[in-house]
Amino acid sequence: MLESGTISEIALIFVTGDGFDVQVNRSLALMGSRLGVSRCYLFLDSDDGETTSNTHEWCAEGVEPEIDNLKDIPYASIPSWKAILDRKVVYPVEDVGTLPDDVRGVLEAQGISAIVFAPLLVEGGVRGFLGFDECCGHRAWTSTEIETLRTISGIVSTAYAKKLLGDRIAVSEANFRTFFETVDDIIVVGDTEGRVVYANEAACRRLGYARGDFVGLPIIELHPADKRDEAACILDAMFRRELDRCPLELGARDGSRVPVETRVWFGQWDGRPAIFGVSKDLSAEQAALQKFERLFHGNPAAMAVSSVPDHRFVDVNEAFLRVLGYERREVIGVRSPELRLFVDGRRWRGAVGELEAGGRVRNRELELRRKDGALIHGLFSGELIETQGRRFLLTVMVDVTETVTLREALEVERKRLANVIEGTRLGTWEWNVRTGETVFDERWAEMLGYSLAELSPTSIGTWEALAHPDDLAESDRLLAEHFEGRAPYYEHESRMRHRDGSWVWVLDRGRVVERDAEGRPLKMYGTHSDITEKKLMEERIRELAVRDPLTGAYNRRHLFERLEAIGAEYVRRERNFCVSILDIDRFKAINDTFGHQAGDLVLRNFAALLASSIRPYELLGRYGGEEFLIVSPSARKGEVIVMLERIMGAARALALDFEGRAIRMTFSGGVADSAEFEREGFSVEAMVALADRRLYAAKASGRDRCLAD
């Protein structure tokens, strides 16, 4: 029988300075002995509420303890018990045989005949329970016992809630202080009297003080002596909540000054009102700014900085003023159209648009008008820069007026000479077909990185030694056609070995200019043109023709051409391969929520993630819209699923920043294995269709998964 003073005794136990575990064990011993039960205990739930464990227990003499046997019990295995607890009432049971089977079996296995238990309620939810067992027979629990247990469970619940809160506060405070000690910014905490109560490691390191030297130091004494009166005024304004930042530099103990920008806020420190200051060291920024200023104003090229988006000049260097004939006061704060600076405003706007969109522009030639009306030609380059949250255009102009004038004159000369040299370009050669003697000009040698003297004496063997061996057979065939009169001239694109070991593409063109009486060739003249850049451009064009312009992945046409070839290999030689179709989940919602530019950002980043995650010999292509297709040669679908699960994990972890908002994505996929198809009658279309069906099955089953069956 519980005595009337039991509740008071237990309440007193929980206001002692003992820890929660000691308080609970003392309370259980008191309640168990007063109530005369076999066993009493406290069960506490896991943080997610899915399991419960016996954490504290008292047993009468001769009763076996169960605390070690009852850990991490899933509520899913005893749903009836969970349902009773959720009623949030004290629940007495005279005979456990009347309980549902899932609970009765657990209790009878412990020799329990009767039981009463009360839920532990914390913040409105059940976080465990207090229980009392009778193992000697059935027992009717009195209303007094039930009411007393309800009160005691409330006391224990309150104590447990206090413990949880204390634990959270301790962790939060530890994390807070750890953060202060690890950041690189200077952090100082002051009391309401304006004296330092805490300074972090960065403050000690940057200002040269020991930790103890800071405590009690007036905050204004952290500033140089000549700044302290101003600092005192600013600090007073901060305490009046009129200012939240201070631009004054700090003074190090050795007398040096540390340029900073300090932001402040008010809060609690060790339970007392305090002012917090975070000072960002601007030393590196100021050094970089000073270096930029020196480079900017000392640069011989005309340079300007203009604001975005209004394009007003913020600063120009002396070269800018000298080249264009203006004074500084006539330019600063003015837009270039107001100065009628650019002759072709449309081309200027195009260059600025490209600069703002792409972040840079290189070697854009524009015509300008000086203040005196004279026209000059400038070669422009620019960068989009950002500082202190504002964006600017930094442009550099090289005066190429003389170059342009010379170029125009040379163009006239080139056209005049074009009829004379009749299509010959760059290096020239003269070949005595009968003797093998060959004469090259200096340019011919320069194309290959040599001087003519280094190649002398020259002959046809000089050309043969430098030509790519794989190109000689085709050259011989084309020469034979021309020698025999079946081709009006000789023309061949071939490779020549450069002095540095690289291969230079040349267009080799020539004609026989002299034959003997039998028509056999005697002399032949021709030219070599360096077409390396043209060949590289052709290769780039070929690459662009097979790439999706937005994502850089192969386009659908090229992908299916490759896929057909791989499918043919499977039919001929049974070389297995897999096809995966991946689709970004809820992509339309991304477009609808953030806009199509955000959608393009997601597509580019998703393609980049796939490209960086697949093996070098696998093929990645854009199948259509937000769908991508991966072809995995010599792979089975089990291996592919493992790879895709790894990529799914990376995709889930990816947070894309779009205009300050984070975009996250998942994807679904379907995989088909060629081994699922008979070689006879195999078709790529059927395999892709199977992967596509599995993709839609993955979508239908909840998304963010890949299916191969």
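That block above? That's the structure.
Throughout, residues of each chain are indexed from 1 in the direction in which the sequence is written. Owing to the predicted nature of the model, reporting of local features is limited to residues with pLDDT of at least 70; listing and counting of side-chain atom pairs is limited to 80 or more, with chain, interface and lining totals taken over all residues. Excluded from the side-chain calculations are hydrogens and water; all other atoms, namely the structure's heavy atoms, are used.

Caption draft 1: Fine view of the pairing of strand β15 (residues 313–316). At least two bridges found by DSSP between two strands are what make those strands a pair. The numbering of helices and of strands both runs from the N terminus, where a helix is a DSSP run of H or I of at least 4 residues and a strand a run of E of at least 2. Inspection of the sheet shows strand β14 (residues 302–307) paired to β15 by three bridges, in the antiparallel sense. Within the sheet, the bridge partner assigned to A304 lies in β15 and is V316. In this structure, the hairpin formed by β14 and β15 is closed by a connection of five residues, where H311 is found at a positive phi of approximately 60 degrees.

Caption draft 2: Up close: the pattern of salt bridges. Here a salt bridge means any side-chain nitrogen of Lys or Arg lying within 4 Å of a carboxyl oxygen belonging to Asp or Glu. In the structure shown here, the tally under the stated rule is 56 salt bridges. The residue K699 makes a salt bridge to D583 at a minimum N-O spacing of 2.6 Å. Here K699 is found in helix α22 (residues 684–700), whereas its partner D583 is found in strand β24 (residues 577–584), with 116 residues between them in sequence. When salt bridges with common partners are traced through the structure, they connect E474, R477, E481, E484 and R486 into a single cluster.

Caption draft 3: Seen up close, the nonpolar core. In this structure, L582, V602, F606, L610, L644, I663 and F667 are the most contacted members of the largest nonpolar core, which totals 35 residues. Mapped onto this core, the elements with two or more residues apiece are β24, α19 (587–594), α20 (596–613), β26 (627–633), α21 (637–653), β27 (655–658) and β29 (667–673). For this core, the element with the highest residue contribution is α20, accounting for eight residues. In contact with F606, not counting residues within four places along its chain, are L582, I584, F628, M665 and F667. Remark: nonpolar core denotes a set of buried residues (Ala, Val, Leu, Ile, Met, Phe, Trp, Tyr, Cys) joined through side-chain atoms within 4.5 Å. Using a 1.4 Å probe on the protein chains alone, a residue whose accessible area is under 20% of its type maximum counts as buried, one over 50% counts as exposed, and one in between counts as partly exposed. Formed by 30 residues, the second largest nonpolar core is a distinct cluster that contains F14, M31, L42 and V122. We call two residues in contact when some of their heavy atoms are within 4.5 Å.

Caption draft 4: Here's a closer look at the sheet that holds strand β19 (residues 427–432). Here five strands make up an open sheet; going across it, the order is β20-β19-β23-β22-β21 and the pairing antiparallel. Every other strand in the sheet has two partners, leaving β20 (438–440) and β21 (490–497) as the edge strands with one partner each. Between one strand axis and the next, the sheet turns by 25 degrees as a mean value, whatever way the strands run. In this structure, strand β22 (residues 503–515) lies alongside strand β23 (residues 521–530), joined through nine bridges in antiparallel fashion. For E514, the partnering residue across the bridge sits in β23 and is K523. A fitted line through C-alpha atoms represents every axis, and for helices the fit uses only the stretch in contact; the resulting angles, taken between N-to-C directions, go from 0 to 180 degrees.

Caption draft 5: Region of interest: the sheet that holds strand β6 (residues 125–134). Across the sheet, six strands lie side by side as β3-β2-β1-β6-β5-β4; this open sheet has antiparallel pairing. Strands at the two margins of the open sheet, each flanked by one partner only, are β3 (73–74) and β4 (91–93). Relative to β3, strand β2 (residues 51–59) is paired through two bridges, and the arrangement is antiparallel. Across the sheet, residue T51 finds its bridge partner in β3, namely P74. Docked against the sheet, helix α2 (residues 20–35) engages β1 (39–45), β2 and β6, running at close to 60 degrees with respect to β2.

Caption draft 6: Quick look at α21. With 17 residues, α21 ought to run about 24 Å at 1.5 Å a step, and its terminal C-alpha atoms sit 24 Å apart, in line with that. Burial in α21 covers these residues: K637, V640, I641, M643, L644, I647, M648 and A651. An end-on view of α21 places all buried positions within 160 degrees of arc, on one side of the element. Opposite the buried face of α21, at more than 90 degrees from it, the exposed residues are V642 and A653. Those residues of α21 that are buried lie in contact with β24, α20, β26, β29, α22 and β30 (706–707). Here, expected helix span is obtained from the residue count minus one, scaled by 1.5 Å. This arc is built from the directions going out from the helix axis to the C-beta atoms.

Caption draft 7: Region of interest: the pairing of β2. The pairing of β1 with β2 spans seven bridges and is classified as antiparallel. In the strand pairing of β2, Y41 is matched with E57. The antiparallel hairpin formed by β1 and β2 contains five residues in its connecting segment, where G49 sits at a positive phi of about 75 degrees.

Caption draft 8: The state of the cysteines, seen in detail. Disulfides are defined as cysteine sulfur pairs within 2.5 Å. The full count for this structure, using the stated rule, is zero disulfides. Between C59, a cysteine without a disulfide, and C40, which holds the nearest cysteine sulfur, the sulfur-to-sulfur distance is 8.0 Å. The closest cysteine sulfur to the non-disulfide-bonded C136 is located on C135, 6.6 Å from its own sulfur.

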